[in-house]
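An overview of the molecular structure
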Amino acid sequence: MNGTSHEVNGASEIMPSDLPAHYRGARRGSVSAEVISRAQQESYVHKIYPKSDETAAAIRRSIGENFLFDGLSAKQLRDVIDCMFEKRVEAGENVMVQGEDGDNYYVVTSGVFEAVKNGSVVCKYDGSGAFGELALMYNCPRAATIVARTAGELWALERSTFTYMLLAERKKRAVASETWLAKIPVLDYLDSTDRARVCDALVSKDFAAGVTIFEQGEVGLWFYLVEEGEAIGVHMQDDGSTKEVAHFREGDYFGERALITDDPRALTVVAKTALKVLCLDAPGFERLLGPCKHAMQERIASYQSLSAAAAEEEDEEPSMS
């Protein structure tokens, strides 16, 4: 960040790299301030702060695609939101101070806030965003001071609730995801450490039946692993007709060709049923899946064979008179 101000929506711009070296973990999503037993998690009773559907919706919008909430069901997310309490601040007030212990995680729903690190503004929150997770995740001092530049409204999640409801759930999902990834043949080329890194980088997305995930000719931005449901790959012929050439089920993957070759998408992929996928963006794909590329290139050759066969079949079809 180097002293440059960044305006953010959703996840905080104060990242693990901002922590002292002895606080940094190799895996952002798997580090927790406390070791939580199953019995502790099951017996924990959280406090509810009732709020309207409109307020809950505003908090959800402000959270955006924050990685902490990735993979939570709608009910789990609402349960977390119900545990947040309101905190109103005035202009000039410090919400948290660099170097102090962390007590809460904060979501912004109104007002302008700046994160100041060592005297320099490193990012800005204007009516949305969230901050304060690092001190709670890594059990370390605050990495920056957050100053309210205007009066504003925050929703806070206190430390124990953050730990029990978010970190423990995230750890549980991480273990399940790593177990699932270990069953996918193309990832056999990764050791357990590399699979864990892939797991941390994955983003969960849901698509309703009939929704297009990407279209033929688009630039490839994501790689997809099918966690639940089915999808089909459709190739558009030169005459404008379409032909189904691939079928993806649980444990299958798609989207690798465009990322490996830098060519446009060769197929349109559509959700055949309700579909849940785990996605890895292009930089993560390049950084983490290098050992798997040879096996993927073999499958790319099969895609090309399917396309060629489809084109040949089209040429052989008799014309209708």
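Below: a short report on this structure.

Criteria and cut-off values
- Residues numbered from 1 in each chain as written.
- Predicted model: local features only at pLDDT ≥ 70, side-chain atom pairs only at ≥ 80, totals over all residues.
- Heavy atoms only, no water.
- Salt bridge = Lys/Arg side-chain N within 4 Å of Asp/Glu carboxyl O.
- Helix = DSSP H or I, 4+ residues; strand = E, 2+ residues; numbered from the N terminus.
- Buried < 20%, exposed > 50% of the residue type's maximum accessible area, 1.4 Å probe, protein only.
- Contact = heavy atoms within 4.5 Å.
- Core = buried A, V, L, I, M, F, W, Y, C linked by side-chain atoms within 4.5 Å.

Tallying each qualifying case throughout the model produces 10 salt bridges. Where Asp-53 meets Arg-78, a salt bridge forms, and the shortest distance between an N and an O atom there is 3.2 Å. Separated by 25 residues along the polypeptide, Asp-53 in helix α2 (residues 53–63) and Arg-78 in helix α3 (residues 74–82) bring together distant segments of the chain. Between Arg-88 and Glu-153 there is a salt bridge; the shortest N-O distance is 3.3 Å. Residue Arg-88 is located in strand β2 (residues 85–89), and its partner Glu-153 is located in strand β9 (residues 152–158); the two are separated by 65 residues in the primary sequence. Taking relative accessible area as the criterion, Arg-88 reaches 58% and is therefore assigned exposed. With a relative accessible area of 15%, Glu-153 lands in the buried category. The network of salt bridges with common partners includes Asp-53, Arg-78 and Asp-82.

A few words now on α2. Buried residues of α2: Ala-56, Ala-57, Ile-59, Ser-62 and Ile-63, and no others. Buried-residue contacts for α2 involve α3, β4 (104–110) and β9. Looking at the residues trailing α2, positive phi occurs at Gly-64, about 60°.

Next up on the list: the nonpolar core. Soluble globular proteins tend to bury their nonpolar side chains together. In terms of nonpolar packing, the biggest core is built from 25 residues, with Phe-69, Val-80, Met-84, Tyr-105, Leu-157 and Phe-162 touching the most fellow members. For this core, the elements supplying multiple residues, two or more each, are α2, α3, β4, α4 (133–138), β9 and α5 (159–181). Here the element with the most residues in this core is α4; it accounts for 4 residues. Met-84 has contacts with Tyr-49, Lys-51, Ile-59, Ile-63, Phe-69, Val-107, Trp-155, Ala-156 and Leu-157, leaving out every residue within four places of it along the chain. Ranked by size, the runner-up nonpolar core spans 21 residues in total, among them Tyr-253, Leu-278, Leu-288 and Leu-289.

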